[in-house]
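Overview (structure and organization)
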Amino acid sequence: MTMAATASPTVVLQGVSRWFGQKVAVSEISAEFGAGVTGLLGPNGAGKTTLLRVLTGLIRPSEGTVSVFGFDPRSDYSVYGRIALVPEDENVYSFLSAHEFVAHNARLQKVADPDGAARRALDMVDLTDVADRKLAGFSKGMRQRAKVAAALVHEPDIVILDEPLNGTDPVQRAHLTRIFIDMGRQGRTVIVSSHVLHEVERMADRVIAMVDGRLAATGTVPALRAAMSDIPLQIRIDCDQPRRLAAALVENDWVGGVNIEEASLHIRSLDAEQLGRALPGLAQSLDIRITRVDPEDESLESVFRYLVEGR
Amino acid sequence: MNAQLAIIRVTLRRLITRKRMIGFILFASIPALVVLFASTGDRGPERLAELYHNTTFGILLVVALPVIAIVNATGALGDERRSHTMPFLALKPIPRWSIALSTMVASVGATLSVAFVGVGLGWLVAGFATGRWDIGQGPAMAALVAAIGYGTIFVPIGLLTRRATVIGLIYLFLWESSFANAVAALAPTSLGHIALSAYVDLAPGLDFADSLGTLEPGAGKALIKVLVVALVSLAFTTWALNKRDLA
């Protein structure tokens, strides 16, 4: 069992497992979350959503305990006044307008001025202009922002966001990312799940990586990057003289192997940066015309699988 | 507006959609339409009153209202779970019993809004046709009893299973319409028969009073019985919200 610890934790998971029949969705996860943005990273199906649902008390853990500000959210509902969840599902109360939806959430959170709080929250996510439009007519990205506004309307201490950038365009993405970073800087606990590494990298101070329901790695983003730099990369190079280029490449110790397939080389390299530096010079000196260089097998899933199985 | 009223309002808006309401109201208005059509003929007030009671009981109270109530009750919390909007309701600092009570009030309210139109129209048409303005008391009380009974007991079932509506319809057509009708001793287990006991109390001398089985006519008793059913449902729903997975 791996432990991901933090100073002054607000959320503590101890040996949390959750299975559905024979399927283990989350396995023996112990982790702590505190002030700042923590990225929960993992490929689709890694168990991130299940973990967040356990963490918020939406579902029970099969084993282990969850503590939010020292309380179990399933037995002490008062902690929900300090938590907010932006669920992954895009479903909302589509028969309500954005303002009605956010104000409704404010009322359930017992906010003193629900309409004023709703206006401020909608302004924060740039939805003021469409506040009176029904959510049924919203795009996925707009719904996502409405959900974020509904979650932030009571200014929670803990914000849990399950793939919050799904469906948003680059401008909205940058805007929401800035909001999450600011909340982390204000000392709130922000937990953001994503399957996209660079998304998390942009906003998270700390990353917890999950694969197959298990905790695969934890630490700062640079530490995770460093761990990932040891991964042998498969790179495809298309050129007009593949055999000649292959012969030149295999002489270098940073090339682990070469396969030739018609006009393509598939190179296994332990140092992609070195390969990138050497390739143009080699091609020029041997008069080889390179038409394509692409990394292969660089999915987050393969990276995480390496982190889990390769150590 | 407090949190409970906010839940009731949003649940009502989810349950009372325009298309659904038009369908439900047409369904519930069949007795009124039948009496209206019949009143254009040469039937006397006694026969029109008999027709009114037979259609109100046979269509509105035995079929339309229970089906409408089951659809509303199973959707009150069940739709939140099925459409993945439960986090917007459950992850709030509100006692679970309060969430359960609010959704039950909305479920009963949604059914009563249809019953109000169906029973009210029938009462109006029958009142004009027969000249007896007390004719709608029995149906109105029976509709209230049925709406509370069916409208609360199926709320937790909707939360616990996706097949709640089918279970409700099986209960309605297999248990109530078949077993509880065939075996007199089973009548007290049937919400429809409890509603009928309220009806017969306020509209004595009806042919279908024989269907009461071992139940005695009594509007007050019927109301108390369904309020007990509602309390048990409230406790069960609160337990389910506390102990079961909500996503």
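Residues numbered from 1 in each chain as written. Chains lettered and ligands numbered in written order. Predicted model: local features only at pLDDT ≥ 70, side-chain atom pairs only at ≥ 80, totals over all residues.

**Section: the overall build of chain A**
- A tally of regular secondary structure across chain A gives 10 helices and 14 strands.
- Among the 311 residues that make up chain A, the fraction classed as buried is 44%.
- The long-range share in chain A, meaning contacts at least 24 apart out of those at least 6 apart in sequence, stands at 67%. (Helix = DSSP H or I, 4+ residues; strand = E, 2+ residues; numbered from the N terminus. Buried ≥ 20, exposed ≤ 12 C-beta atoms within 10 Å, placed from the backbone. Contact = placed C-beta atoms within 7 Å.)

**Describing the overall build of chain B**
- Secondary structure summary: chain B contains 10 helices and 0 strands in total.
- Starting at the N terminus and walking to the C terminus, you meet the elements of chain B as α-α-α-α-α-α-α-α-α-α.
- The C-alpha atoms of chain B give a radius of gyration of 18 Å, which matches the 18 Å a tight globule of 247 residues would have.
- If you line up chain B on its principal axes, its C-alpha atoms span 60 × 40 × 30 Å.
- Within chain B, buried positions represent 51% of all 247 residues.
- Counting contacts in chain B only where the partners sit at least 6 residues apart, residues at least 24 apart contribute 80% of the total. (Rg over C-alpha atoms; globule rule 2.2 N^0.38 Å.)

**Focus on the interface of chain A and chain B**
- Taken together, the contact pairs 24 residues of chain A with 21 residues of chain B.
- Only α1 (48-56), β6 (83-86) and α2 (98-108) of chain A provide two or more residues apiece to the side of chain A that touches chain B.
- For the side of chain A that touches chain B, the element with the most residues is α2(A), which contributes 4 residues.
- Of the residues assigned to the side of chain A that touches chain B, the class counts are 12 nonpolar, 7 polar and 5 charged. (Nonpolar A, V, L, I, M, F, W, Y, C, P; charged D, E, K, R; others polar.)

**Thoughts on the environment of Asn181(B)**
Residues and elements named next belong to chain B.
- Residue placement: Asn181 occurs in helix α8 (residues 164-182).
- C-beta crowding within 10 Å serves as the criterion here: with 17 such atoms nearby, Asn181 is assigned to the partly exposed category.
- Along the backbone, Asn181 and Pro45 are 136 residues apart, and their C-alpha atoms lie at a distance of 30 Å.

**Section: the domain arrangement of chain A**
- One can read the domain layout of chain A as domain 1 (3-228) and domain 2 (233-309).
- Each of domain 1 of chain A and domain 2 of chain A was reduced to a C-alpha centroid, and the two centroids are 39 Å apart. (Domains from an automatic or database assignment.)

**A word on helix α9 (residues 272-286) of chain A**
- Spanning 15 residues, α9(A) covers 20 Å between terminal C-alpha atoms, matching the ideal 21 Å at 1.5 Å per step.
- The sharpest bend along α9(A) measures roughly 35° and falls at Ala278(A), with the proline Pro280(A) sitting one to four residues further on. (Expected span 1.5 Å × (residues − 1). Bend = angle between axes of the 7 residues up to and from the residue.)

**Re the pairing of strand β11 (residues 233-239) of chain A**
All names here are of chain A.
- Bridge count for β11 against strand β13 (residues 264-269) is 6 bridges, and the pairing is antiparallel. Its bridge partner lying in β13, Arg236 is registered against His266.
- Both β11 and strand β14 (residues 290-296) contribute to a ladder of 6 bridges, which runs antiparallel. Note that in β14 the partner of Ile237 across the bridge is Val293. (Pairing = 2+ DSSP bridges.)

**Structural notes on the sheet that holds strand β8 (residues 189-194) of chain A**
All names here are of chain A.
- One open sheet holds the 6 strands; their spatial order is β6-β7-β8-β4-β9-β10, and the pairing between them is mixed. Across the chains shown, the open sheet's two edge strands, defined by having one partner strand only, are β6 and β10 (214-220). Across the sheet, the mean angle from the axis of one strand to that of its neighbour is 15°, orientation sign disregarded.
- Alignment of strand β9 (residues 206-211) against β10, held across 6 bridges, turns out to be antiparallel. Note that in β10 the partner of Arg206 across the bridge is Thr220.
- Where α1 meets the sheet, it contacts β4 (36-41), β6, β7 (158-162), β8 and β9, and its direction lies at approximately 150° from that of β7.
- Along the sheet face, helix α4 (residues 140-152) touches β6 and β7 and points at about 170° away from the line of β6. (Axes fitted to C-alpha atoms, helices over the stretch in contact; angles between N-to-C directions.)

**A word on the sheet that holds strand β12 (residues 255-261) of chain A**
All names here are of chain A.
- Taken together, 4 strands build an open sheet; the order of strands is β12-β13-β11-β14 and the sheet is antiparallel. In this open sheet, the two edge strands, each paired with only one partner strand, are β12 and β14. Along the sheet, successive strands turn relative to each other by an average axial angle of 20°, direction set aside.
- Sheet analysis places β12 next to β13, joined by 6 bridges and oriented antiparallel. Counterpart to Gly257 in the pairing with β13 is Arg268.
- Packed on one face of the sheet, helix α8 (residues 242-249) meets β11, β12 and β13 and runs near 170° to β12.

**A closer look at unusual backbone geometry**
Residues and elements named next belong to chain A.
- A positive phi angle, near 50°, is found at Glu155, a position not held by glycine.
- Inspection of the secondary structure assignment puts Glu155 in the loop between α4 and β7.
- Looking at Glu155, the number of C-beta atoms within 10 Å reads 16, which means it is partly exposed.
- Its identity is not glycine, yet Glu262 carries a phi of approximately 50°, on the positive side.

**Quick look at the pairing of strand β2 (residues 11-20) of chain A**
Residues and elements named next belong to chain A.
- In terms of strand pairing, β2 meets strand β3 (residues 23-33) through 7 bridges, oriented antiparallel. Residue pairing across strands places Arg18 opposite Val26, the latter belonging to β3.
- Hairpin connection of β2 to β3: 2 residues between the antiparallel strands, including Gly21 at a positive phi of 65°.
- Bridging between β2 and strand β5 (residues 63-68) involves 5 bridges; their strand directions are antiparallel. Counted as the bridge partner of Gln14 is Thr65 from β5.

**Some points on the packing of α2(A) against helix α3 (residues 114-124) of chain A**
Residues and elements named next belong to chain A.
- For the pair α2 and α3, the least separation of the axes is 8 Å and the interaxial angle reads 125°. Considering their axes alone, α2 and α3 lie oblique with respect to each other. The interaxial crossing formed by α2 with α3 has right-handed handedness. From α2, Ala98, His99, Val102, Ala103, Ala106 and Arg107 reach across to α3, where they touch Pro114, Asp115, Ala117, Ala118, Ala121 and Leu122.
- Taken together, the residues that form the contact of α2 with α3 break down as 9 nonpolar, 1 polar and 2 charged. (Parallel < 35°, antiparallel > 145°, perpendicular 65-115°, else oblique. Left-handed = near helix turned anticlockwise from the far one by under 90°.)

**Describing the confidence of the model for chain B**
Residues and elements named next belong to chain B.
- Chain-level statistics for chain B give a pLDDT mean of 93 and a share of 100% at 70 or above.
- Mean pLDDT across the elements of chain B ranges from a minimum in helix α2 (residues 18-28), with 90, to a maximum in helix α10 (residues 219-243), with 97.
- Across the predicted assembly, pTM comes out at 0.84 and ipTM at 0.89. (pLDDT = per-residue confidence, 0-100.)

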